[in-house]
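Chain residues, written in single-letter form:
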Amino acid sequence: MIDTAGDCLRVTVPMVFGNAQTLMEEGATRLGDGVTLFDLGAVSESDSSALAVIFAWARRAAARGGSVRIANTPASLLSLADLYGVSEFLPLA
């Protein structure tokens, strides 16, 4: 679901409700010290649960004194963030 690709974590499955819990947990356990970069370039499908996963990663990282950055965010996910009025809170790289 999440592969290590150089200095970032690459999400390799759709970010949809059926995968949300597993993605949230797997990403949270792989948070590093400092900034953790998640690459969403391979995400073929996303729904509103993807936003919840990203924000959960960000909260977990902040609780540990770190942060999260999101790279290659799919346009559909950015559109959902705009629709829900949360795009300014996405930690985009």
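For clarity, every value in this text was computed on a predicted model and none was experimentally measured.

Definitions and cut-offs
- Residues numbered from 1 in each chain as written.
- Predicted model: local features only at pLDDT ≥ 70, side-chain atom pairs only at ≥ 80, totals over all residues.
- Heavy atoms only, no water.
- Phe/Tyr/Trp six-rings, centres within 6.5 Å; stacked < 30°, edge-to-face > 60°.
- Helix = DSSP H or I, 4+ residues; strand = E, 2+ residues; numbered from the N terminus.
- Buried < 20%, exposed > 50% of the residue type's maximum accessible area, 1.4 Å probe, protein only.
- Core = buried A, V, L, I, M, F, W, Y, C linked by side-chain atoms within 4.5 Å.
- Contact = heavy atoms within 4.5 Å.
- Pairing = 2+ DSSP bridges.

**Q** What am I meant to see in the packing of aromatic side chains here?
**A** Any pair of aromatic rings gets described here by the distance separating the centres and the angle formed by the planes. Summed over the entire model, instances satisfying the criterion amount to one aromatic pair. Between Phe38 and Trp57 the ring centres are 3.8 Å apart and the planes differ by 5°, which places this aromatic pair in the stacked class. Highlighted residues: Phe38 in strand E3 (residues 35-39) and Trp57 in helix H2 (residues 48-63), separated in sequence by 19 residues. The pair Phe38 / Trp57 is uniform in exposure class, with both members buried.

**Q** What am I meant to see in the nonpolar core here?
**A** Among soluble globular proteins, nonpolar side chains are generally buried collectively. By size, the foremost hydrophobic cluster in this structure holds 26 residues, and its most contacted members are Val11, Met15, Leu23, Phe38, Leu40, Ile54 and Trp57. Among the elements that take part in this core, H2 stands out by supplying seven residues, more than any other. Leave out the neighbours within four places in its chain, and Leu40 touches Val11, Met15, Ile54, Ile70, Ala71, Asn72, Thr73, Pro74 and Leu77.

**Q** Even after reading the chapter, I still don't get the pairing of strand E4 (residues 67-71), so can you show me in this structure?
**A** Relative to E4, E3 runs parallel, the two sharing five bridges. Among the inter-strand pairings, Thr36 is bridged to a residue of E4, identified as Val68.

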